[in-house]
Amino acid sequence: GENVEQHPSTLSVQEGDSAVIKCTYSDSASNYFPWYKQELGKRPQLIIDIRSNVGEKKDQRIAVTLNKTAKHFSLHITETQPEDSAVYFCAASYRNQGYSTLTFGKGTMLLVSP
Amino acid sequence: DVKVTQSSRYLVKRTGEKVFLECVQDMDHENMFWYRQDPGLGLRLIYFSYDVKMKEKGDIPEGYSVSREKKERFSLILESASTNQTSMYLCASRPITGMREKLFFGSGTQLSVL
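Residues numbered from 1 in each chain as written. Chains lettered and ligands numbered in written order. Predicted model: local features only at pLDDT ≥ 70, side-chain atom pairs only at ≥ 80, totals over all residues. Heavy atoms only, no water.

**Q** Mind showing me how you'd approach the environment of E39(A) here?
**A** All names here are of chain A. In this fold, E39 is placed in the loop between β4 (32-38) and β5 (45-51). Leave out the neighbours within four places in its chain, and E39 touches E83, S85 and A86. Polar side-chain contacts of E39 include one of 3.5 Å to the side chain of K37. (Helix = DSSP H or I, 4+ residues; strand = E, 2+ residues; numbered from the N terminus. Contact = heavy atoms within 4.5 Å. Polar contact = N/O pair within 3.5 Å; in protein donor to acceptor, adjacent residues only side chain to side chain.)

**Q** Just to check I follow, could you spell out the pattern of salt bridges for this structure?
**A** Here the idea is simple: oppositely charged side chains can pair when their charged atoms come close. With the rule as written, the count across this model stands at 13 salt bridges over all chains. One salt bridge in this structure joins R51(A) and E101(B), with 3.6 Å as the shortest N-O distance. Here R51(A), found in strand β5, pairs with E101(B), found in the loop between β9 (87-94) and β10 (104-105), and the two come from separate chains. Under the relative-accessibility criterion, R51(A) is labelled partly exposed at 37%. Its relative accessible area of 13% is what places E101(B) among the buried residues. (Salt bridge = Lys/Arg side-chain N within 4 Å of Asp/Glu carboxyl O. Buried < 20%, exposed > 50% of the residue type's maximum accessible area, 1.4 Å probe, protein only.)

**Q** What is the right way to read the sheet that holds strand β1 (residues 4-6) of chain B from this model?
**A** To summarise the sheet geometry, strands pair through backbone hydrogen bonds and adopt either a parallel or an antiparallel arrangement. All names here are of chain B. Strands sit in the order β1-β3-β8-β7 across an open sheet of 4 strands; the sheet is antiparallel. One side of each edge strand has no neighbouring strand; the edge strands of this open sheet are β1 and β7 (65-70). Taken pair by pair, the neighbouring strands of this sheet meet at an average axis angle of 20 degrees, ignoring direction. (Pairing = 2+ DSSP bridges. Axes fitted to C-alpha atoms, helices over the stretch in contact; angles between N-to-C directions.)

**Q** Would you explain the sheet that holds strand β8 (residues 72-77) of chain A in this entry?
**A** Residue and element names in this part refer to chain A. What the 5 strands build is an open sheet, ordered β1-β3-β8-β7-β6; its pairing is antiparallel. The sheet is open, and its two borders are formed by β1 (4-7) and β6 (56-59), each paired with just one other strand. If you compare each strand with its neighbour and ignore which way they point, the axes differ by 15 degrees on average. In the sheet, strand β7 (residues 62-67) pairs with β8 via 6 bridges, with the strands oriented antiparallel. Along β8, the bridge assignment pairs N67 with H72.

**Q** I would appreciate a short explanation of the interface of chain B and chain A in the present structure.
**A** Listed by partner, the interface residues are 25 residues for chain B and 20 residues for chain A. Interface of chain B and chain A: buried area, both sides summed, is about 1,900 Å²; carbon and sulfur atoms make up 54% of it. For the chain B face of the interface with chain A, the top three residues by lost area are L43(B), E101(B) and F105(B), together amounting to 29%. At the boundary of chain B and chain A, one finds 1 salt bridge. If you look at where chain B meets chain A, you find 7 residue pairs in polar contact (both at pLDDT 80 or more). Those elements giving two or more residues to the side of chain B that touches chain A turn out to be β4 (31-38), β5 (42-49), β6 (56-57) and β9 of chain B. With 4 residues, β5(B) is the largest single contributor of residues to the side of chain B that touches chain A. Class assignment of the residues belonging to the side of chain B that touches chain A gives a composition of 12 nonpolar, 6 polar and 7 charged. (Buried area = accessible area lost by both parts, 1.4 Å probe. Nonpolar A, V, L, I, M, F, W, Y, C, P; charged D, E, K, R; others polar.)

Written as structure tokens, this is what we have:
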């Protein structure tokens, strides 16, 4: 199956700084890479995703980049705010019994200090 | 808004008990999933179902079974609960058309097995 490695496990930044979270995957057939944000005590929610035919995607202060050759993708958050504090999970699609499922990374706890 | 409802937020059970975790979604989604979330391990797929009465094993199915008799309901069953099944359990659903890849999560059930 797919293996997704995520780094760092924790990340502390000052408000206004940028934050970068990196993930690598093992299955070259993976073609979909979402990022989920989970605030404390809440459910994970999709914040951005990218498909393998695109190298970069932006949505306001967040962006995701994908390097298919190296099998890694990254989440970039600019001008961080305290409300960005959460656990972020990357994921990669893979085929399980012929069906598309997601393998998640272990998560990055981002803390943004005012 | 899609609503994925898990019947219990917190559950305490004894070792050896049979445990049912229930999940209901109200958006007619074909696909449903059960994940468990443990600190430092991220989200791991237990079982998934692509349609009514259909089920497939995920990455960590041992000790679990599932039931999907109706499209909107997906149940996770622990036949004989053990302490190593103490965890946060997250249900998710996904349509097969439109936003095909986006997972909609429930708010989770924190299960403690004593």
